[in-house]
Amino acid sequence: MTHTITVIRGDGIGPEIMAATLHVLDKMNLGLQYEEADAGLVALEKHGELLPKATLDSISKNKIALKSPLTTPVGEGFSSINVQLRRHFDLYANVRPAKSFPNTKSRFPSGVDLITVRENTEGAYTGEGQQVSEDGETATLIQKITHKGSERIVRYAFDLARKTGRKKVTVVHKANILKSTSGLFLKTAREVAAQYPDIECNEMIVDNTCMQLVMKPEQFDIIVTTNLFGDIISDLCAGLVGGLGLAPGANIGTDAAIFEAVHGSAPDIAGKGIANPCALLLGAGQMLDHLGMPQEAERLRKAIVATLEARDNLTPDLGGTGNTMSFAEAIASRL
Ligand code: NAD
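Residue positions within a chain follow its written sequence, with the count starting from 1. pLDDT decides what is reported in this predicted model: residues at 70 or higher carry local features, side-chain atom pairs at 80 or more are listed and counted, and totals for whole chains, interfaces and linings draw on all residues regardless. Just so you know, side-chain values use all the structure's heavy atoms and leave hydrogens and water out.

Once that is clear, we can look at the packing of helix H5 (residues 147-164) against helix H6 (residues 181-193). Lines fitted to C-alpha atoms define the axes, with helix axes restricted to the stretch in contact, and inter-axis angles between N-to-C directions lie between 0 and 180 degrees. Only DSSP runs of H or I reaching four residues or more are called helices, and only runs of E reaching two or more are called strands; each is numbered from the N terminus. In the contact formed by H5 and H6, the axes pass within 9 Å of each other and the chain directions differ by 45°. Classified by the interaxial angle, the pair formed by H5 and H6 is oblique. Remark: the crossing between H5 and H6 carries right-handed chirality. Residues His-147, Ser-150, Glu-151, Ile-153, Val-154, Arg-155 and Phe-158 of H5 pack against Leu-184, Phe-185, Thr-188, Ala-189, Glu-191, Val-192 and Ala-193 of H6. Residues are sorted three ways: Asp, Glu, Lys and Arg are charged, Ala, Val, Leu, Ile, Met, Phe, Trp, Tyr, Cys and Pro are nonpolar, and all the rest, Gly among them, are polar. Across the contact of H5 with H6, the residue classes tally to 8 nonpolar, 3 polar and 3 charged. Any angle between 65 and 115 degrees counts as roughly perpendicular, while under 35 counts as roughly parallel, over 145 as roughly antiparallel, and the rest as oblique. Throughout, a crossing is termed right-handed when the near helix is turned clockwise from the far one, and left-handed when it is turned anticlockwise from it by less than a right angle. Contacts: residue pairs with any heavy atoms within 4.5 Å of one another.

Moving on: the sheet that holds strand E9 (residues 200-205). For two strands to be treated as a pair, DSSP must find at least two bridges joining them. Strands sit in the order E2-E1-E3-E12-E11-E4-E5-E10-E8-E9 across an open sheet of 10 strands; the sheet is mixed. The two strands at the open ends of the sheet, each matched to only one other strand, are strand E2 (33-36) and E9. Averaged over all pairs of adjacent strands, the angle between their axes in this sheet comes to 25°, without regard to strand direction. Sheet topology note: the strand E11 (residues 248-252)/strand E12 (residues 257-261) ladder contains 5 bridges and is antiparallel. Bridge pairing links Ala-250 to Phe-259 in E12. On the sheet, H5 packs against strand E4 (93-99), strand E5 (113-119), strand E8 (168-173), E9, strand E10 (222-225) and E11 and is oriented at approximately 160° with respect to E5. Running at roughly 165° to E8, H6 makes contact with E8, E9 and E10 of the sheet.

Nearness is judged by heavy atoms alone; a residue qualifies as near a molecule or strand once a single heavy atom is within 4 Å of it. For the ligand, the set of nearby residues contains 20 residues, the closest of which are Leu-70, Gly-264, Ala-266, Asp-268 and Asn-276. The contact in question runs from a nitrogen atom of the ligand to an N or O atom on the side chain of His-263, over 3.1 Å. Polar contacts here mean pairs of N or O atoms no more than 3.5 Å apart (in protein, one a potential hydrogen donor and the other a potential acceptor; neighbouring residues in sequence count only if both atoms are side-chain atoms). The separation between an oxygen atom of the ligand and a polar main-chain atom of Ala-266 is 2.8 Å. In isolation the ligand offers 820 Å² of accessible surface; the protein chains occlude 65% of this area. Split by residue class, the shell around the ligand holds 9 nonpolar, 7 polar and 4 charged. Calculation of accessible area relied on Shrake-Rupley with a 1.4 Å probe; when residues are assessed, cover is drawn exclusively from the protein chains displayed.

With that settled, consider the pattern of salt bridges. We define a salt bridge as a contact between a side-chain nitrogen of Lys or Arg and a carboxyl oxygen of Asp or Glu at a distance within 4 Å. Counted under the stated rule, the structure contains 20 salt bridges. Its salt-bridge partner being Lys-53, residue Asp-57 comes within 2.9 Å of it at the nearest N-O pair. One end of the pair, Asp-57, and the other, Lys-53, are both in helix H3 (residues 53-62), 4 residues apart, so they sit about a helical turn from each other. A relative accessible area of 57% means that Lys-53 is categorised as exposed. As a salt-bridge pair, Lys-174 and Asp-207 come within 2.9 Å of each other at their nearest N and O atoms. Using a 1.4 Å probe on the protein chains alone, a residue whose accessible area is under 20% of its type maximum counts as buried, one over 50% counts as exposed, and one in between counts as partly exposed.

Next up on the list: the domain arrangement of the protein chain. The domain limits used here are those given by an automatic or database domain assignment. Assigned domains of the protein chain: these are domain 1 (1-92 + 244-335) and domain 2 (122-240). Placing the centre of domain 1 and that of domain 2 at their C-alpha centroids yields a distance of 26 Å. In this assembly, 6 residues from domain 1 lie in contact with 7 residues from domain 2. Defined here as a combined quantity, buried area equals the accessible surface (1.4 Å probe) lost by two parts on assembly, summed across both. Taking both sides of the interface into account, the surface hidden between domain 1 and domain 2 amounts to around 620 Å²; carbon and sulfur atoms contribute 52%. Taken as a group, Arg-87, Tyr-92 and Ile-252 account for 63% of the area that domain 1 buries against domain 2, more than any other trio of residues on that side. For the interface between domain 1 and domain 2, the tally reads 2 residue pairs in polar contact (both at pLDDT 80 or more). Considered class by class, the residues forming the side of domain 1 that touches domain 2 number 4 nonpolar, no polar and 2 charged.

Here it is, written out as structure tokens:
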């Protein structure tokens, strides 16, 4: 079966890491077809808007997108394109794996293998009720959590555990203080967990989770949590295993899914050809899992690990002297 993927090359280092990623995917002969679509600054220049309708239509049709980072111009009137995409397609699950890799600057070159499943549509990030009083003295925000939203994200985490053979889901919350919002999330998580007796479930307060992650990250398997906590925890986890150059993320909904690198468009190194392509490549690996090609996804991840082990053409952020494309070629040669 052939799959058509919407490819968004994005801004800054985006086109460079996408070229490297597609080079490796092409070497895998998976029969993938690509449909190019614009978003971000490049779309603003070409079409007069950051997120053209043609791009939304392409993602709607193909249901899968591989996306490079996008630059959201700073200033009034520009809302984040990534947030717009999440809202438009109701991409409720932000799935961010963090796995130890060899030869990185990580404190944990082995032992960490966890996935953060972050609720992507509710909580503190909807902007609802956001206002500052006229005298500038008081700011407010409504933090809304629903049973439906909590139910589907926790179910996603447990289903992911079953599908990937993982054994444990940790529900991260702050229900001791945020009794209504985090309390509803925790109560719902308990209801869902009871339906998965084959998967171990434990509960952990978010501040303790941060300490435990830094002290003993190997105790975690899958973490499921609300939007704000998930945003912070998943970056903490990326830091544990070697930083942003190795951190991929998937945004998954019922009707569409977008795979990406967690990092931004890195304007400071754009055009130099030295960006690390691994985060987007690992995002492509998540995409292959999602498309029902887990063996191909594993083949790609093994080639990345083997290249890191051999220190073959690593990019400068990993202490190497390679460049974006030579690193990709080194990975492709180990497939
Ligand atoms: P950034 O992630 O772009 O860069 C932070 C630092 O990490 C920089 O020093 C950069 O050179 C380095 N870096 C990032 N990716 C790298 C890679 N693949 N290889 C080597 N080094 C890498 O964060 P920022 O500078 O805060 O943001 C720049 C722009 O990116 C902003 O416009 C922001 O809105 C956007 N952004 C987009 C996304 C997205 O599209 N998913 C995510 C975050 C930020």
